[in-house]
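Each chain, written out:
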Amino acid sequence: MEASTAATAPRQRLGGFLRAHRERLAPGDVGLPVTARRRTPGLRREEVAALSGVSVAWYTWLEQGRVDTSRQVLDAVARALRLDAAAHRHALALAGFALAPAGGTTAYAPGLRAVLDGWPDSPALLLGPALDVLAWNRAYTAVWPDPAGVPEERRNLLLLLVGDERHQRTLPGWEPVAMDLHRHVRTRADHRPRDEGFARLTGRLRSARPDLREWWECRSVGDFAPRTVEVAPRDGGPPRPYGMTLLLAPQPQDTAILVQTPEPPVP
């Protein structure tokens with residue numbers, strides 16, 4: 001029974017992911033005629049099956065987690081569902097076409113700390129796969145609340161952005177940043193099903209912000225996009241623009257560096 005459950009779980013995650021994207025599409029999105037009101041949201045399973053070139057029964061089993069799939073067929077389903085590059089990669093990983101590490105780690109290469117210290121004017125964080133804060137530089141504590149003052153079990157960037165008023169005052173436009181970080185975390189979480197760090201983070205997010213339930217239940221995935229953010233200084237002066245970028249470190253896998261580079265003020 002345990003072996004059967006272990007084999008079925010990845011299929012169910014893939015099926016749930018495909019179903020969520022099917023329900024977000026409208027007939028017009030894929031070139032189908034718009035007809036009378038539908039009972040269910042999004043496309044019908046038979047429409048996705050026809051667009052993918054597979055049988056309705058097989059696609060239904062795929063969403064239900066009852067069958068494995070080939071790379072060629074999954075590529076066709078991804079095209080039918082209009083998955084972007086990040087979502088397509090995620091679907092392939094869920095189907096076993098990408099390597100998934102066995103578990104998480106909070107260790108990191110010493111050289112990554114030297115990278116942070118090499119940016120004396122750019123606030124930077126070293127983050128684990130679930131966005132746990134592993135290290136930071138002096139420039140970060142000059143702008144942001146010092147992570148050392150936060151209990152280690154709550155030292156998580158996403159948790160701090162959605163649940164700590166000091167961080168929200170520092171980044172008034174925190175919501176789009178937090179939403180993109182959550183999509184980034186979801187991508188890594190489905191690739192690392194045995195990593196308990198993601199489950200702990202999900203529980204803490206739900207507890208800290210139950211009003212954001214739609215966020216925590218969303219199955220959207222993606223890579224964090226570079227952007228310009230306005231960071232409020234502690235002295236109450238005007239917000240200062242920073243270029244925010246998430247850099248993925250090669251080792252350990254899924255470790256990342258969030259760096260904020262000062263930009264010239266907009267005239």
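Per chain, the residues get numbers from 1 upward, laid out in the order the sequence is written. Note on the predicted model: pLDDT of at least 70 is required for a residue's local features to be given, and 80 or more for side-chain atom pairs to be given and counted; whole-chain, interface and lining totals, by contrast, use all residues. For the side-chain quantities, the full set of heavy atoms in the structure was used; hydrogens and water were omitted.

K.L.:
Can you walk me through the confidence of the model for the chain in this structure?
P.N.:
Caution applies to low-pLDDT regions: their predicted coordinates should not be interpreted in detail. In predicted models, pLDDT denotes the confidence assigned by the predictor to each residue on a 0 to 100 scale. Confidence in the prediction for the chain averages 83 pLDDT; 86% of positions are at 70 or higher. A run of H or I in DSSP counts as a helix once it spans at least four residues, and a run of E counts as a strand once it spans at least two, with each numbered from the N terminus. Averaged over each element, pLDDT in the chain is lowest for helix α1 (residues 2-24) (76) and highest for strand β3 (residues 227-231) (95). Under a pLDDT of 50 for its full length, residues 99-106 has, in the predicted model, 14 contacts with residues more than four places off or in other chains. Throughout, a contact is declared for two residues whenever any of their heavy atoms are within 4.5 Å.

K.L.:
Can you help me understand the sheet that holds strand β2 (residues 133-136) in this one?
P.N.:
Two pairing modes exist for strands in a sheet, parallel and antiparallel, and in both the strands are linked by backbone hydrogen bonds. A pair of strands is labelled paired if DSSP reports no fewer than 2 bridges between them. Taking strand neighbours across the sheet as the criterion, the five strands line up as β2-β1-β5-β4-β3 in an open arrangement whose pairing is antiparallel. The sheet is open, and its two edges are formed by β2 and β3, each paired on a single side. Taken pair by pair, the neighbouring strands of this sheet meet at an average axis angle of 30°, ignoring direction. Relative to strand β5 (residues 256-262), strand β4 (residues 240-248) is paired through seven bridges, and the arrangement is antiparallel. Along β5, the bridge assignment pairs tyrosine 242 with proline 262. Only C-alpha atoms enter the line fits that serve as axes; for helices the fit covers just the stretch in contact. Angles between N-to-C directions range over 0 to 180 degrees.

K.L.:
Would you explain helix α3 (residues 56-63) in this entry?
P.N.:
Owing to its 3.6 residues per turn, the α-helix aligns residues three or four sequence positions apart on the same side. Where α3 is concerned, the buried positions are Tyr59, Thr60, Leu62 and Glu63. Axial view of α3: buried residues confined to an arc of 155°, hence all on one face. Exposure classes here rest on a 1.4 Å probe applied to the protein chains alone. A residue is buried below 20% of its type maximum, exposed above 50%, and partly exposed in between. Summarising the geometry, the arc corresponds to the directions from the helix axis toward the C-beta atoms.

K.L.:
What should I look at first to understand the packing of aromatic side chains in this one?
P.N.:
Where two aromatic rings form a pair, the distance of their centres and the angle of their planes describe that pair. Paired rings are identified among Phe, Tyr and Trp, the last through its six-membered ring, by centres lying within 6.5 Å, and are further divided according to the angle between planes into stacked (under 30 degrees), edge-to-face (over 60) and tilted (the rest). For the coordinates displayed, the defined rule picks out two aromatic pairs. Each ring, one from tyrosine 140 and one from tryptophan 144, has its centre 5.8 Å from the other, and the planes form 5°; the classification is stacked. Judged by its relative accessible area of 3%, tryptophan 144 falls in the buried class. Measuring from centroid to centroid gives 6.3 Å for tryptophan 174 and tryptophan 215, while their planes differ by 55°, and the two rings are tilted. Of the two residues, tryptophan 174 is situated in helix α10 (residues 174-191) and tryptophan 215 in helix α12 (residues 213-217); the sequence distance between them amounts to 41 residues. A relative accessible area of 16% places tryptophan 215 in the buried class. We call a charge positioned over a ring when the NZ of a Lys or the CZ of an Arg lies within 6 Å of the ring centre and within 35 degrees of the ring normal. Taking NZ or CZ as reference, arginine 227 lies 4.4 Å from the ring centre of phenylalanine 224, over its face.

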